[in-house]
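What follows is each chain in one-letter form.
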Amino acid sequence: MTLFHFFNCVILTFGPHAVYYSATPLSEYDTLGTSVKAALVYLGTAIVKLVCLATFLKVSENDSFDPYQELLKALIGFVDVAGLYFALTQLTHRNISQNHKFQAVGLGWAFADSVLHRLAPLWVGARGLEFTWDYILQGLEANANLVLSISLAALGSLMWLRKNKPKTLIPIIYACAIIVATMPSITSYLRRGLGWHFPKVVGFELFTSLVMAFISWQLFSACQRPSS
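Residues numbered from 1 in each chain as written. Predicted model: local features only at pLDDT ≥ 70, side-chain atom pairs only at ≥ 80, totals over all residues. Heavy atoms only, no water.

Asks: Quick question: what am I supposed to make of helix α7 (residues 170-181) here?
Replies: Along an α-helix, residues three or four apart share an orientation, since each turn contains 3.6 residues. In a regular helix each residue adds 1.5 Å, so 12 residues correspond to 16 Å; α7 covers 16 Å between its end C-alpha atoms and thus fits that length. Where α7 is concerned, the buried positions are Ile173, Cys176, Ala177, Val180 and Ala181. For α7, the arc enclosing every buried residue in end-on projection is 130°, short of the 170-degree limit, so these residues lie on one face. Of the surrounding elements, those touching the buried residues of α7 are α4 (79-89), α6 (134-160), α8 (183-193) and α9 (198-224). (Helix = DSSP H or I, 4+ residues; strand = E, 2+ residues; numbered from the N terminus. Expected span 1.5 Å × (residues − 1). Buried < 20%, exposed > 50% of the residue type's maximum accessible area, 1.4 Å probe, protein only. Arc of directions from axis to C-beta. Contact = heavy atoms within 4.5 Å.)

Asks: What is the right way to read the packing of aromatic side chains from this model?
Replies: Any two aromatic rings considered together are summarised by their centre-to-centre distance and by the angle between their planes. In this structure the tally under the stated criterion is eight aromatic pairs. Ring geometry for Tyr42 and Trp109: centres 5.2 Å apart, planes at 80°, overall edge-to-face. Here Tyr42 is found in helix α2 (residues 32-56), whereas its partner Trp109 is found in helix α5 (residues 98-125), with 67 residues between them in sequence. The same class applies to Tyr42 as to Trp109, namely buried. Over the aromatic face of Trp196 sits the side chain of Lys200, whose NZ or CZ is 4.4 Å from the ring centroid. (Phe/Tyr/Trp six-rings, centres within 6.5 Å; stacked < 30°, edge-to-face > 60°. Lys NZ or Arg CZ within 6 Å of the ring centre and 35° of its normal.)

Asks: I keep staring at the pattern of salt bridges and nothing clicks. Help me out?
Replies: A side chain with one charge may pair with a side chain of the opposite charge, provided their charged atoms come close. Taken as a whole and judged by the stated rule, the model has four salt bridges. The salt bridge partner of Lys49 is Asp80, with a shortest N-O separation of 2.9 Å. One end of the pair, Lys49, is in helix α2; the other, Asp80, is in helix α4, and 31 residues separate them in sequence. Between Arg118 and Glu141 there is a salt bridge, with its nearest N and O atoms 3.8 Å apart. Of this pair, Arg118 sits in helix α5 while Glu141 is found in helix α6, placing the two residues 23 residues apart along the sequence. (Salt bridge = Lys/Arg side-chain N within 4 Å of Asp/Glu carboxyl O.)

Asks: Can you help me understand the packing of helix α1 (residues 2-23) against α6 in this one?
Replies: Each pair of packed helices can be described by the angle between their axes along with the distance between the axes. At their nearest, the axes of α1 and α6 sit 8 Å apart, and the two run at 10° to each other. The pairing of α1 with α6 is recorded here as roughly parallel in orientation. Facing α1, whose interface residues are His5, Cys9, Leu12, Thr13, Pro16, His17 and Tyr20, α6 presents Tyr135, Ile136, Gly139, Leu140, Ala142, Asn143, Leu146 and Ile150. Tallied by class, the residues present in the contact of α1 with α6 amount to 10 nonpolar, five polar and no charged. (Axes fitted to C-alpha atoms, helices over the stretch in contact; angles between N-to-C directions. Parallel < 35°, antiparallel > 145°, perpendicular 65-115°, else oblique. Nonpolar A, V, L, I, M, F, W, Y, C, P; charged D, E, K, R; others polar.)

Asks: Is there a simple way to think about the nonpolar core in this case?
Replies: One broad rule of soluble globular proteins: the nonpolar side chains tend to lie buried together. Counting residues in hydrophobic clusters, the biggest one holds 38 residues, and the most contacted among them are Phe102, Leu155, Ile173 and Leu219. For this core, the secondary-structure elements that each account for two or more residues are α2, α4, α5, α6, α7 and α9. A total of nine residues in this core trace back to one element, the largest contributor, which is α6. By size, the runner-up hydrophobic cluster in this structure holds five residues, among which are Phe6, Cys9, Leu122 and Tyr135. (Core = buried A, V, L, I, M, F, W, Y, C linked by side-chain atoms within 4.5 Å.)

Asks: Please explain the environment of Met183 as it appears in this structure.
Replies: Turning to its location among the elements, Met183 is positioned in helix α8. With a relative accessible area of 4%, Met183 lands in the buried category. Each C-alpha atom, one on Met183 and one on Ser22, is 28 Å from the other, the two residues being 161 residues apart in sequence. The residues touching Met183, leaving out its near neighbours within four places in the chain, are Leu148, Phe204 and Thr208.

Asks: Would you mind going over a nonpolar patch on the surface with me for this structure?
Replies: A contiguous nonpolar surface patch, about 440 Å² in accessible area, is contributed by Leu32, Val36, Leu40, Leu43 and Leu116. Here the nonpolar patch gets four residues from one element, more than from any other, and that element is α2. With respect to the element layout, Leu32 can be found in helix α2. (Patch = residues over 30% accessible without salt bridge, like charges linked within 9 Å, V, L, I, M, F, W, Y side chains within 5 Å. Areas by Shrake-Rupley, 256 points an atom, 1.4 Å probe, with all protein chains shown as cover.)

Asks: Help me understand the state of the cysteines, please; the structure alone is not making it clear to me.
Replies: Defined simply, a disulfide is a covalent bond joining two cysteines at their sulfur atoms. Taken as a whole and judged by the stated rule, the model has zero disulfides. Looking at the unpaired Cys223, the closest cysteine sulfur is the one in Cys176, lying at 11 Å. (Disulfide = S-S within 2.5 Å.)

Asks: Could you clarify how one ought to interpret the environment of Arg162 in this entry?
Replies: Counting through the fold element by element, Arg162 comes out in the loop between α6 and α7. Residue class for Arg162 comes out buried when judged on its relative accessible area of 14%. Each C-alpha atom of the pair Arg162 and Ser27 lies 24 Å from the other, and the pair is 135 residues apart in sequence.

Put into C-alpha cells, the structure is as follows:
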C-alpha cells in the first residue's frame, strides 16, 4: 500500500509534464533538447541561488515571518528570471517558433524544479507506513508550478523576444511577470505571516496559476495580432 501511494504521488507530481509534452505540438517538433537545456540552466540558477541564500540570509531561530529576510529572498529569486532570460535568448534551439520555444523552456524549467525539490521528499516520506495528504498536495503544488513556469516563460518571451508588441500592454506584461516571479515569497507570507495551512496555500497556488495562465495567454494572443 505504501509503494502504491508513492507511485500515485510520483505520477501526480511528474505525470502532467509528460502529458503536456506529448499532448501538445512540442513532441511533433522534437523540442525535448530545448527542454533539457532549460532544465540544465535551472540547475545552474539553483546553485547560484543556494550560494546567495547561504551568503546573505541568516539562520532563523523560529519560523516567524521576517519581512527583511523575505525581501532578500524575493530579490534573490529574480535569479530565476535571469536564468529564463538566458534560456530563451542565449541558448541555441532548433528551428522552432517562438510559441513552441517558450513552452519547451517553461516545461523543462518546471520539471527540473520538481525533481530538485520534490523527488527526495516523495522517496523518503511517501513510502512511510502512515498515510498523509501532504505528498498529494505537493503533487498538486508541482502542477501549479508547471503552469506558473510556462506562464513566466511566455511573459519573458513577450518581454525579450517580441519587439512589435502594443505599448499599452508592456506595463501589464512586466507587472504579471513580477507577480509570477515573486510567487514563492507570496506563498511564504501566506504560510508564515498569515498562518495559512498547507492545503489552503496549495489551493491559492492552483487558483493563481490558472488566472496567470489565462492572462498570459490573452497577452500572448494580443501581441500576435497584426498592428492596425
